[in-house]
Amino acid sequence: MCETKDYVIDQHISLEMPGTARAWTDEDEQERFLAESGAYVKLVLRFTDDLDTEMYAEYLCDFLNSVDQLECNLLLQAKANKIDIFHEELNILDGFDASIYTVEDLRQKIEVFLSMGVPQ
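Scoring rules and cut-offs
Residues numbered from 1 in each chain as written. Predicted model: local features only at pLDDT ≥ 70, side-chain atom pairs only at ≥ 80, totals over all residues. Heavy atoms only, no water. Salt bridge = Lys/Arg side-chain N within 4 Å of Asp/Glu carboxyl O. Helix = DSSP H or I, 4+ residues; strand = E, 2+ residues; numbered from the N terminus. Buried < 20%, exposed > 50% of the residue type's maximum accessible area, 1.4 Å probe, protein only. Expected span 1.5 Å × (residues − 1). Contact = heavy atoms within 4.5 Å. pLDDT = per-residue confidence, 0-100. Phe/Tyr/Trp six-rings, centres within 6.5 Å; stacked < 30°, edge-to-face > 60°.

1. Here we look at the pattern of salt bridges
Consideration 1: Taken as a whole, this structure holds six salt bridges when the rule is applied.
Consideration 2: Salt-bridge contacts for K5 lead to D62; the nearest nitrogen and oxygen are separated by 3.1 Å. Of this pair, K5 sits in the segment before strand 1 (8-16) while D62 sits in helix 2 (residues 53-64), and the two are 57 residues apart along the sequence.
Consideration 3: The exposure class assigned to K5 is buried, which follows from its relative accessible area of 13%.
Consideration 4: Salt bridges sharing partners connect three or more residues here, namely E54, E104, R107 and E111.

Written out as structure tokens, the structure is:
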């Protein structure tokens, strides 16, 4: 999915598996296992540095509107200028609705993240 987004200049993807007694079996369907085990995909996106918050918000809005294709829950983190500009759990398996995110709301969230600066 990231390869179709030219605004994503780098990404890191990992499957995170919290401590669980649920074990994978040959009979398991991927979606059911991910839902029952609490496993999720952590996706860290890196955007081009030094763009305005409106552009980052448009990128995020576009990206969020494409994640419903996934068959797993997602912890989405986006970075620019070595700062997190977005960090949120997306419950894709529970009927995620990207329409709750507007460009204006995302811009405001990004401004908050940017005001916090680089973690020390």
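From this point, the discussion proceeds with the structure in view.
2. Quick notes on helix 2
Consideration 1: Over its twelve residues, helix 2 runs 16 Å from end to end, which matches the ideal 16 Å to within 8%, given 1.5 Å per residue.
Consideration 2: Within the sequence span of helix 2, burial applies to T53, Y56, A57, Y59, L60, C61, F63 and L64.
Consideration 3: Taken together, the buried residues of helix 2 touch strand 2 (40-47), strand 3 (74-80), strand 4 (83-90) and helix 3 (103-116).

3. Observations regarding the confidence of the model for the protein chain
Consideration 1: Mean pLDDT over the protein chain stands at 86; residues scoring 70 or higher make up 83%.
Consideration 2: Element-level pLDDT for the protein chain is lowest in helix 1 (residues 30-37), with a mean of 69, against a maximum mean of 96 in helix 2.

4. Quick notes on the packing of aromatic side chains
Consideration 1: Using the criterion set out here, one finds six aromatic pairs in the structure.
Consideration 2: A centroid spacing of 6.2 Å and a plane angle of 15 degrees characterise the contact between F47 and Y56, whose relative ring orientation is stacked.
Consideration 3: Relative accessible area serves as the criterion here: at 0%, F47 is assigned to the buried category.
Consideration 4: Among the residues examined, Y56 registers a relative accessible area of 0% and is labelled buried.
Consideration 5: Arranged with centres 5.5 Å apart and planes meeting at 70 degrees, the rings of F47 and Y59 form a pair that is edge-to-face.

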